[in-house]
Amino acid sequence: MRRTLALSLLLLPVLALAASTGGWVRLPGGNFRSALKYEDRNQVRIAPFQLMETAVTNADFLAFVKRHPKWQRGKAPVVFAEDRYLQHWAGPTTLGAQAQPNQPVVNVSWFAADAYCRAQGARLPDWNEWEYAAAADETRLDARKDPVWRERILGWYARPSRSALPRVGLQAANAHGVRDLHGLVWEWTGDAGSLLVDVDNRKQGDADKAKFCGAGALSMNDRDNYAVLMRVAMLSSLEANDVTANLGFRCAK
Amino acid sequence: MKRLLASIALCLAVWLPAAGLAQQPLPRDSVYQLDAPMTDQSGRATTLAARRGRVQLVSMFYTSCRYICPLIIDSGIAIEKKLSPAERQRLGITLISMDPKRDDPAALSRVATRRKLDLQRWALLRPRAQDVRPLAGVLGIRYRELADGEFNHTSALILLDAQGRILARTEQLGTVPDPAFLAAVRKALAAK
């Protein structure tokens with residue numbers, strides 16, 4: 001009896017570690033009503049895919065740049081990562097006190113995130129895949145219509161970002177089993193460059209064909225979902241070599 | 001022996017100046033850091049970085065585009081018309097397809113012929129599918145493929161120096177060149 005207890009006590013930390021630094025979660029996909037209004041379809045069809053349970057951490061990214069030195073700070077060309085790339089690390093291959101191993105990595109550009117995912121035999125998730133995964137709360141696969149859920153997300157967005165980033169995996173998993181899609185960092189998507197938004201929102205829905213050739217700016221299906229609006233505004237304002245102190249990523253395959 | 005020395009000297013005389021440019025390290029802010037393999041309108045294998053060495057106007061388009069893309073070509077032609085023959089010779093114009101699935105060399109070649117483009121200066125390039133997003137990324141162009149094969153995309157003409165650094169960009173397209181952009185083109189061509 002005592003031996004079994006001792007063994008199970010040994011296993012617990014291992015299990016906790018596995019849960020928090022995560023592997024891959026399988027998501028079934030299906031039809032998904034995107035919060036963005038597409039002129040050519042009502043629902044998007046999402047094929048089954050896998051998503052990392054947690055965001056990529058400083059430790060993960062450090063291992064990557066050690067194996068691929070051309071992605072180290074100082075070596076990566078500015079055209080792929082602006083000068084603030086990994087600026088919170090003590091050195092190109094040293095994390096230091098401001099970058100705990102299990103915090104989500106930030107100050108990474110789209111190019112760097114994309115390269116990391118490709119090195120894992122994976123890719124960045126599409127915007128629709130990410131939104132589909134993020135529509136879930138702890139018990140429902142699509143909680144987007146619940147104003148209480150929306151308020152939770154907006155409450156996180158309202159928190160000042162000067163406090164230290166928590167480690168990945170501390171929050172309860174959502175109904176898919178994925179953690180921290182809300183409440184931790186903004187995340188890159190593979191097709192962030194496909195978000196075409198007109199800054200003048202009086203033009204929402206107008207086909208400004210001259211500016212965006214063919215279809216005009218994207219507009220919102222669900223105008224009450226401010227969280228999605230903010231994510232679109234965030235990603236559509238960034239160039240592919242930009243970094244920010246609260247933008248990280250996870251991979252899909 | 002003398003002939004051998006002479007041919008070595010000849011080789012060096014030709015090779016060294018060309019190598020001089022290639023040996024200079026590529027600037028960290030050069031778009032040619034993205035060394036994407038491409039095929040040109042005659043089916044020849046090339047790379048993006050092969051455009052290095054001349055001032056370039058670069059844009060992205062696709063051949064079945066009905067709205068803006070014809071205007072991108074108009075813009076290139078309009079700028080060329082404003083340059084002196086000497087300036088024109090020093091300028092390359094590079095159009096990269098965002099639709100490599102459909103824009104094979106034959107499709108690109110048809111555009112070149114229809115618009116009577118001088119292929120000594122113009123290049124219509126087809127990248128690999130996996131390079132379209134990165135190319136758009138380094139050029140600051142956004143695009144989205146629609147269900148019917150059309151694209152929703154921003155359009156810009158981007159001016160690169162001979163090393164691939166972005167000097168200027170304009171979204172003012174058509175037969176009347178953006179005067180500020182034209183001035184930037186002239187300045188770039190006069191440099192060095």
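All residue numbers refer to positions counted from 1 along the written sequence of the respective chain. Both sets of labels track the order of writing: A upward for chains, 1 upward for ligands. With the structure being a predicted model, the display of local features is reserved for residues of pLDDT at least 70 and the display and counting of side-chain atom pairs for 80 or more, all residues being used for whole-chain, interface and lining totals.

**Student:** Help me understand the interface of chain A and chain B, please; the structure alone is not making it clear to me.
**Tutor:** You'll often see interface size given as the accessible area lost when the parts meet. Each residue gets a C-beta atom placed from its backbone, and two residues are in contact if those atoms lie within 7 Å. Counting from both sides, the interface comprises 19 residues of chain A and, opposite them, 26 residues of chain B. By the criteria applied, helices consist of DSSP H or I runs no shorter than four residues and strands consist of E runs no shorter than two, each listed in order from the N terminus. Listing elements by their share of the side of chain A that touches chain B, those giving two or more residues are α3 (110-119) and α6 (209-212) of chain A. If one sorts the elements of the side of chain A that touches chain B by residue count, α6(A) sits on top with 3 residues. All residues other than Ala, Val, Leu, Ile, Met, Phe, Trp, Tyr, Cys, Pro, Asp, Glu, Lys and Arg, Gly among them, are scored as polar; the first ten of these are nonpolar and the last four charged. Grouping the amino acids of the side of chain A that touches chain B by side-chain chemistry returns 12 nonpolar, 3 polar and 4 charged.

**Student:** I tried to follow the sheet that holds strand β2 (residues 45-47) of chain B on my own but got confused; where do I start?
**Tutor:** Think of a sheet as strands paired side by side through backbone hydrogen bonds, with each pair either parallel or antiparallel. Residues and elements named next belong to chain B. Whether two strands pair depends on DSSP finding at least two bridges between them. On the basis of which strands lie adjacent, the open sheet formed by 7 strands has the order β2-β1-β5-β4-β3-β8-β9 and mixed pairing. In this open sheet, the two edge strands, each paired with only one partner strand, are β2 and β9 (166-170). Mean inter-strand twist for the sheet, computed between neighbouring axes without regard to direction, equals 35°. Note: strand β3 (residues 55-61) against strand β8 (residues 157-160), 3 bridges, orientation antiparallel. Bridging across to β8, Val58 finds its partner in Ile158. Each axis is a line fitted through C-alpha atoms, taken for helices only over the stretch in contact, and angles between the N-to-C directions span 0 to 180 degrees. Sheet strands in contact with helix α4 (residues 105-114) are β1 (37-39), β4 (91-97) and β5 (122-127), and its direction is about 155° off that of β5. Its contacts with the sheet put helix α5 (residues 132-139) on β3, β4, β5 and β8, and the angle it makes with β3 is roughly 130°.

**Student:** Explain the pairing of β9(B) to me, please; I cannot follow it from the model alone.
**Tutor:** One face of the sheet, then the other: side chains in a regular strand alternate in exactly this way. All names here are of chain B. The pairing of β8 with β9 spans 4 bridges and is classified as antiparallel. Its bridge partner lying in β9, Leu157 is registered against Thr170. Between β8 and β9, which pair antiparallel in sequence order, lie 5 residues; one of them, Gly164, sits at a positive phi of approximately 90°.

**Student:** Mind showing me how you'd approach the confidence of the model for chain A here?
**Tutor:** Residues shown with low pLDDT carry predicted positions that ought not to be read at fine detail. Per residue, pLDDT measures the predictor's confidence, with a range of 0 to 100. With 81% of its residues at a pLDDT of 70 or more, chain A has an overall mean of 86. pLDDT under 50 marks residues 201-208 of chain A. Its contacts with residues more than four places away, or in other chains, come to 11 contacts.

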